[in-house]
Amino acid sequence: MDLSVIIVNYKSAALIVDAIRTVIEQTTAISYEIIVVDNHSQDNSQQLITQHYPQVRWVQMDYNAGFARANNAGMRIALGDMLLLLNPDTLVLDHALDTVVQRFRAASHAACSVQLLNPDGSPQITGNYFMKGGLNHLLPLPYWGALLRRLGYALNTKVPNVRSAETEQTVDWINGAFLMVKRATIEKVGMMDEDFFLYAEETEWCSRIKRTGTLVVYGDLHVVHLQGETAQATFESSDKGYYDLYSHKGLQLMVSNHLRVRKQYGVGWFFILLLNYSFAVPLAFICSFLENLFRLRNPFQYWQRLWQLGANVGKLWQLTPTIIRNQPYFYKLL
């Protein structure tokens, strides 16, 4: 078996039917299997997906295990020499899997991806670089993050992501929507860290993978990614990407990012990040009041949103002793 394609489902059956259709239509030169891991959807997902594709191997979780644990369950039964973590909201183009498997097998790389595209065909960030201490996680903070971004530009700081990959672009970590890893690599570094429920788990995993070899994005191969569609529907969030710090989803994102920094960079960097988040909350209240007053708007119009940010940071502080101890713990907040 050349490739095992692992897709995690949580009430995303319609998206997965489309994703599998493109895998089958666009993959003709390699042997592969498709594994769907269901995160306790409690709907008709299994019936709908297996009715269309009876060859799918189905793994049923008895609780919503999140991204890392569900993918690990799929990896444990996978038969392929290479394993692909594929998001439900993806569409394979132009025989991408055939080509990437052939290239990846012949190369010494430890992990790889293809260039993800938005539905309109524009490039989507696929490969990324580590920023020391995870300081890039400060950028979504209101006011304080914008100031740090301008400072970074002024100092010509390296951009932490690749907007559009070259033919073969070496990166530090890869978007989990399409992440292919060799079985031999997994045997060396282990599977994904099961402390994570959602967000940042692929970043932490890639930090371990990177110790064994290079990670690349093949920029001339393409897969469409309907970015965030499954998370949006599940968590009723209107914010795409990683800039939502104000909702339940934002709390999960905040905790996962801090957890990743603790695991990858240590306690010192964790506290640097946490103190910046804490400082940013009162600063945002003051700046939003003054800005709106200056613009002759209601000076309090953003305060409810900022109270939600402050509440999330408070909950992060409550979890801090557990994160610092770095003992096994399931950080599920959604």
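Residue positions within a chain follow its written sequence, with the count starting from 1. A pLDDT threshold of at least 70 governs which residues receive local features in this predicted model, and a stricter bar of 80 or more applies before side-chain atom pairs are shown or counted, although totals over entire chains, interfaces and linings include all residues. Computation of side-chain values covers all heavy atoms of the structure but excludes hydrogens and water.

Caption draft 1: Local environment of the environment of N276. Summarising the element assignment, N276 is placed in helix α10 (residues 267-294). Any pair of residues with heavy atoms lying within 4.5 Å of one another is described as a contacting pair. The residues contacting N276, other than those within four sequence positions of it, are L138, L141 and W144. Think of a polar contact as two N or O atoms within 3.5 Å of one another; within protein, one of them needs to be a possible hydrogen donor and the other a possible acceptor, and neighboring residues in sequence only count if both atoms come from side chains. Reaching out from N276, the side chain makes a polar contact with the side chain of W144 at a distance of 2.8 Å. Here a helix means four or more residues in a row that DSSP labels H or I, a strand means two or more in a row labelled E, and each is numbered from the N terminus.

Caption draft 2: Highlighting unusual backbone geometry. A positive phi angle, close to 60 degrees, is found at H40, a residue other than glycine. With respect to the secondary-structure elements, H40 resides in the loop between β2 (32-38) and α2 (45-52). Three labels apply to residues, based on accessible area from a 1.4 Å probe with only protein chains included: buried if under 20% of the type maximum, exposed if over 50%, partly exposed otherwise in between. Among the residues examined, H40 registers a relative accessible area of 29% and is labelled partly exposed. Of note, the phi angle at Y199 is positive, near 80 degrees, even though the residue is not glycine. Among the secondary structure elements, Y199 is positioned in the loop between α6 (183-189) and α7 (201-209).

Caption draft 3: Focus on the side chain of T320. Residue placement: T320 occurs in helix α11 (residues 303-325). There is a polar contact of 3.0 Å between the side chain of T320 and the backbone oxygen of L316. Those residues in contact with T320, other than ones at most four positions away along the chain, are F270, F271 and L274.

Caption draft 4: Representation of the pairing of strand β4 (residues 82-86) within the structure. Burial of β4 is extensive: five of the five residues sit out of reach of the surface. Residues of β4 alternate between two faces, with M82, L84 and L86 on one and L83 and L85 on the opposite face, all of them buried. Note that strand β1 (residues 3-9) and β4 share four bridges and pair parallel. Looking across to β4, one finds that I6 is bridged to L85. One bridge is not enough; two strands pair if DSSP finds at least two bridges between them. Bridge count between β4 and strand β11 (residues 178-182): five bridges; the pairing is antiparallel. Bridge pairing in β11 places L83 opposite V181.

Caption draft 5: Summary view of the confidence of the model for the protein chain. Averaged over every residue, the pLDDT of the protein chain is 94; residues scoring 70 or more account for 96%. Counting interchain partners and residues more than four positions distant, the pLDDT-below-50 stretch residues 229-240 has 24 contacts. Note on scores: pLDDT gives the predictor's confidence for each residue, bounded by 0 and 100.

Caption draft 6: Spotlight on the packing of helix α9 (residues 248-265) against α10. Closest axis-to-axis distance for the α9/α10 pair is 7 Å, and the angle between their directions is 150 degrees. One way to sum up the angle between α9 and α10 is to call them roughly antiparallel. Listed contacts from α10 to M254, H258, V261, R262 and Y265 of α9 are V267, W269, F270, L273, L274 and Y277. Looking at the contact of α9 with α10 residue by residue, the class counts come to nine nonpolar, one polar and one charged. Helix axes are fitted only over the stretch in contact, all axes being lines through C-alpha atoms; the angle between N-to-C directions runs from 0 to 180 degrees. Convention used here: angles under 35 degrees read as roughly parallel, angles over 145 as roughly antiparallel, angles from 65 to 115 as roughly perpendicular, and any remaining angle as oblique. Residue polarity is assigned by list, with Asp, Glu, Lys and Arg as charged and Ala, Val, Leu, Ile, Met, Phe, Trp, Tyr, Cys and Pro as nonpolar; anything else, Gly included, falls into the polar class.

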